[in-house]
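# Inside the fold
Below are the chains, spelled out letter by letter.
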Amino acid sequence: MGKPDPHKALAAREPAFARLIATYGPQDPFVWHDGGRTGKSLFAALLLHITGQRISALAGFTLFDRIAAAADGIPTPEVVQGLGVSRLRSMGLSNTKAECAVALAGAQTHGTLDLDALACVDDRAVVDTLTSVRGIGQWTAQAFLMRQLHRPDVLPADDMGLRQAVQHQWRLGHLPTVGEVRTRGAAWSPYRSYASALLWRSLKPVGELSDPKERALYHLGGPTGTRPS
């Protein structure tokens, strides 16, 4: 027996997903639109997630590229720790992001955090581990779970775009709360990452790029996404 098809399973459970798949086609939740910036480095990928928090994807790339230029390549924990908070702030990072980047680098350097080992623990433990680092919130941890660790059952219920998509697809008269999205999304398990990807795609018309990082890369004229093995 072959592996179950997540999209077929979602379409069978929810007419909304059947409509989205018919309109947009299957969506890969694991594509990582970094333009080749982070290579195979989980640390660099998480750093890019951090630089892009609460700002445009284009601005997040700009901040990351400044760190990469100082590192003369893909940033490593040792380089970021050596740069320190003040140097990172001079590159345009907010104080919170600079402190978060240095805290992450220090945890990885000192061995209190091993990003590579996270592949062997469950989703809840990954989120708990990452959010124990100063400045890393649940959304960033969930994005890392999905994009880097390729976990199939991640639902970032507090994501505004996801909430807006749920409101539109289920024709709700109000923006659903985080709790309402989680309750509705329970039926989509164990494929909530695929459901999230479909809902995010629905935020833009057919023919338009929906992923903010993908749109930023198009603007920059660089390569698009990759799906690391």
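Residues numbered from 1 in each chain as written. Predicted model: local features only at pLDDT ≥ 70, side-chain atom pairs only at ≥ 80, totals over all residues. Heavy atoms only, no water.

### Considering the overall build of the chain
- If you tally the helices and strands in the chain, you get 12 helices and zero strands.
- Starting at the N terminus and walking to the C terminus, you meet the elements of the chain as α-α-α-α-α-α-α-α-α-α-α-α.
- For 229 residues, the compact-globule estimate of 2.2 N^0.38 gives 17 Å, and the C-alpha radius of gyration of the chain, at 18 Å, lies within 12% of that figure.
- Taken along its principal axes, the extent of the C-alpha atoms in the chain is 50 × 40 × 35 Å.
- With 229 residues in all, the chain has 47% of them scored as buried.
- Contacts in the chain between residues at least 24 apart in sequence constitute 65% of all its contacts with a sequence separation of at least 6.
- When the accessible surface of the chain is split by element, carbon and sulfur atoms take 53% of a total near 11,100 Å².
- If you average the places of the 25 positive and of the 20 negative side-chain charges in the chain, the two averages end up 5 Å apart. (Helix = DSSP H or I, 4+ residues; strand = E, 2+ residues; numbered from the N terminus. Rg over C-alpha atoms; globule rule 2.2 N^0.38 Å. Buried < 20%, exposed > 50% of the residue type's maximum accessible area, 1.4 Å probe, protein only. Contact = heavy atoms within 4.5 Å. Areas by Shrake-Rupley, 256 points an atom, 1.4 Å probe, with all protein chains shown as cover. Lys, Arg positive; Asp, Glu negative; His and termini not counted. Charge placed at Lys NZ, Arg CZ, Asp CG, Glu CD.)

### Description of the packing of helix H3 (residues 42–51) against helix H6 (residues 95–110)
- Where H3 meets H6, the axes come as close as 10 Å, and the angle between the chain directions of the two elements is 165 degrees. Judged on the interaxial angle alone, H6 and H3 are roughly antiparallel. Between H3 and H6 the crossing geometry is right-handed. Facing H3, whose interface residues are Phe43, Leu46, Leu47, Ile50 and Thr51, H6 presents Lys97, Cys100, Ala101, Leu104 and Ala105.
- Its residues assigned to classes, the contact of H3 with H6 comprises eight nonpolar, one polar and one charged. (Axes fitted to C-alpha atoms, helices over the stretch in contact; angles between N-to-C directions. Parallel < 35°, antiparallel > 145°, perpendicular 65-115°, else oblique. Left-handed = near helix turned anticlockwise from the far one by under 90°. Nonpolar A, V, L, I, M, F, W, Y, C, P; charged D, E, K, R; others polar.)

### Points about the layout of surface pockets
- Within this model, the largest pocket holds a volume of roughly 1,200 Å³.
- Along the wall of the largest pocket there are 36 residues; nearest its centre are Trp139, Arg147, Asp159, Trp200 and Pro212.
- Among the secondary structure elements, those contributing two or more residues to the lining of the largest pocket are helix H8 (138–147), helix H9 (160–169), helix H11 (192–201) and helix H12 (212–220).
- Of the residues forming the lining of the largest pocket, the biggest block, five residues, is contributed by H8.
- The residue makeup of the lining of the largest pocket, split by class, is 13 nonpolar, 10 polar and 13 charged.
- Space inside the second largest pocket adds up to approximately 260 Å³.
- Along the walls of the second largest pocket sit Asp123, Arg124, Val127, Gln138, Gln142, Leu145, Asp153, Val154, Leu155, Ala157, Arg182 and Arg192, which together make up its complete lining.
- When residues of the lining of the second largest pocket are traced back to their parent elements, those giving at least two are helix H7 (123–131) and H8.
- Per-class residue counts for the lining of the second largest pocket are five nonpolar, two polar and five charged. (1 Å grid on protein atoms, 1.4 Å probe; cavity = no way out; pocket = protein on both sides within 12 Å on 5 of 7 lines; lining within 4 Å. Points joined across faces, edges and corners; volume = space filled by probe spheres on them.)

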